[in-house]
Amino acid sequence: MNVLADEQQKLYQEGLTEEEYKKIEKEFLELYYKMRDKNASKFYSKLTLEQRKKIHKYILGIYILKNRLGGLTHEIIADRRQKTDRPIIFAVTHVGKFDIEVTSEAIKDHYYLLSGDYEHIQGIIDEPFIGLNGIFYFNEFVKSERQEVTDKMINHLQQNGNLMYFIEGTWNMTPNLPMLPCYWGIVDIAKKGNAIIVPVAADQYGKHFKINIGENFDMNNYGSDASEKTRAITDLRDTLATLKWEIWETEPTKRKDIAPDEWDKYVEERFKEWPYFSLEYIDRLVFKPKNVVERKDVYAFAKKLTPNKNNAFLYDKRNIDGIFREN
C-alpha cells in the first residue's frame, strides 16, 4: 500500500482553492517527514558502505530474479567504460519504473541511489532492497534538503562509494528529445568528489531494455566556474543523447510501419507500470532552462483562438506546415 503516493494525489485535484491546496500540502509534508524519520531508524539505514558492498551481490541476485519473473530482459549495445580507481557516478537516462533493477543488472557495480521519490518508493516491494543497497532520499522542492543531500553525496564519493544518478530527474516522456534538459548538480558533485561519470543510456521496448554504456567522463577536463559547469553538463547531455541515438539506430523502422498512435500507446504502457505518474506530474519535475521555450508554450495561444476571417490564415496547412492546425 502506497500511503504517501495516495496522499500526494490529492494535491493534483482540479478546482482546489489556494487555501485548500496549502492545507493538503501541509498534511502531506507532515506525513512525508514522519515516514522519512521512521525509515531512517530502520536497521539497514545504519549499515556501513563496506557492509553494503558485501551484500550487493545478493541484492543484485534478487533484482535479476525479479527481472526474470517479471519477463524483463536486456541487452548491452556497448560498454565503453574504462577501469578506474576513482569513485563512479553512473549517469543514467530515465524511461520508466524498472530502470533501477535492469540498469543494476547491466552495470553490476555497487552504488547508492539518489532519489527524490521517497513518496513512491516507500510501500513497494523494492523498498527494503533499495534501502539495503544504499539510497540518499531528498525532497527536491525543499532547498535545504537539496544542499544536505549534495553534501552527503560528495562525502560518499570521497569515501570511494559510487552513485546512481538519474540525470534527467524524471521519466523522459517526450516523443522527440533523446535527453531532457539537465541541472548541472551532477558535474559539480563529480568535481568535488573526484569522481568519474559513466554515462548510461537506456531505452525500453515492451519488456526488453537496450543499454548503452559510454566512455568515462572526467570532470578534471573542466574548470570549476559557472561557465565550465555549463560546458560540462552540455557535453554530458550530448554524450547521453548520442548513446540514445545509437540505441535507436538498432531499431530500424520504416515510417510507413509506424502506427499513428504508437507514441500514445508507449506512454500508456509506461503509466500502466506506475499509475501514480502522469504527464502533468512529470512536467513539474522537468528542468526548464530560462533561455529555452518549449513548442507547446510558444503555440499555446492557438488553442485559445476563436477562428474567424481575421485569423483563418493561421489554420491553412500551407502556413508553417499547418502548425496551428495541430494545436
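You'll find the structure just up there.
To keep things clear, this report deals only with the structure shown in the data block. (Residues numbered from 1 in each chain as written. Predicted model: local features only at pLDDT ≥ 70, side-chain atom pairs only at ≥ 80, totals over all residues. Heavy atoms only, no water.)

Next up on the list: helix H3 (residues 49-69). Taking 1.5 Å as the rise per residue, H3 with 21 residues should run 30 Å; its terminal C-alpha atoms sit 29 Å apart, in good agreement. Of all the bends in H3, the greatest measures close to 45 degrees and is centred on Ile55. When we look at burial in H3, the residues that qualify are Leu49, Arg52, His56, Ile59, Leu60, Tyr63 and Asn67. Elements that come into contact with the buried residues of H3 comprise helix H4 (99-107), strand E3 (112-115), helix H6 (127-133) and helix H7 (143-158). (Helix = DSSP H or I, 4+ residues; strand = E, 2+ residues; numbered from the N terminus. Expected span 1.5 Å × (residues − 1). Bend = angle between axes of the 7 residues up to and from the residue. Buried < 20%, exposed > 50% of the residue type's maximum accessible area, 1.4 Å probe, protein only. Contact = heavy atoms within 4.5 Å.)

The next subject is unusual backbone geometry. Here the phi dihedral of Lys108 falls at roughly 75 degrees; this positive angle occurs in a residue that is not glycine. By the element assignment, Lys108 lies in the loop between H4 and E3. The class of Lys108 is exposed, set by a relative accessible area of 51%.

So, about the pattern of salt bridges. Taken as a whole and judged by the stated rule, the model has 21 salt bridges. Asp79 is the partner of Arg81 in a salt bridge, and the nearest nitrogen-oxygen pair spans 3.0 Å. According to the relative accessible area criterion, Asp79 is partly exposed, its value standing at 38%. Between Arg81 and Asp109 there is a salt bridge whose closest N-O contact spans 3.5 Å. One end of the pair, Arg81, is in the loop between strand E1 (73-79) and strand E2 (88-92); the other, Asp109, is in the loop between H4 and E3, with 28 residues separating them in the sequence. One network of salt bridges, with partners in common, ties together Lys66, Glu101 and Asp126. (Salt bridge = Lys/Arg side-chain N within 4 Å of Asp/Glu carboxyl O.)

Helix length check: helix H9 (residues 226-248) (23 residues) gives 33 Å between terminal C-alpha atoms against 33 Å at 1.5 Å per residue, within 8%. In the core, the buried residues of H9 are packed alongside E1, E2, helix H8 (185-192), strand E6 (196-205), strand E7 (208-213) and strand E8 (217-218).

Below, the discussion takes up the packing of H3 against H4. When two helices pack together, their arrangement is given by the angle between their axes and by how far apart the axes lie. Direction vectors running N to C along H3 and H4 enclose 120 degrees, while the axes themselves pass 9 Å from each other. Considering how the two elements wind past one another, H3 and H4 form a crossing that is left-handed. Of the residues in H4, those in contact with Leu60, Tyr63, Ile64, Lys66, Asn67 and Arg68 of H3 are Ile100, Glu101, Val102, Ser104 and Glu105. A per-class count over the contact of H3 with H4 returns five nonpolar, two polar and four charged. (Axes fitted to C-alpha atoms, helices over the stretch in contact; angles between N-to-C directions. Left-handed = near helix turned anticlockwise from the far one by under 90°. Nonpolar A, V, L, I, M, F, W, Y, C, P; charged D, E, K, R; others polar.)

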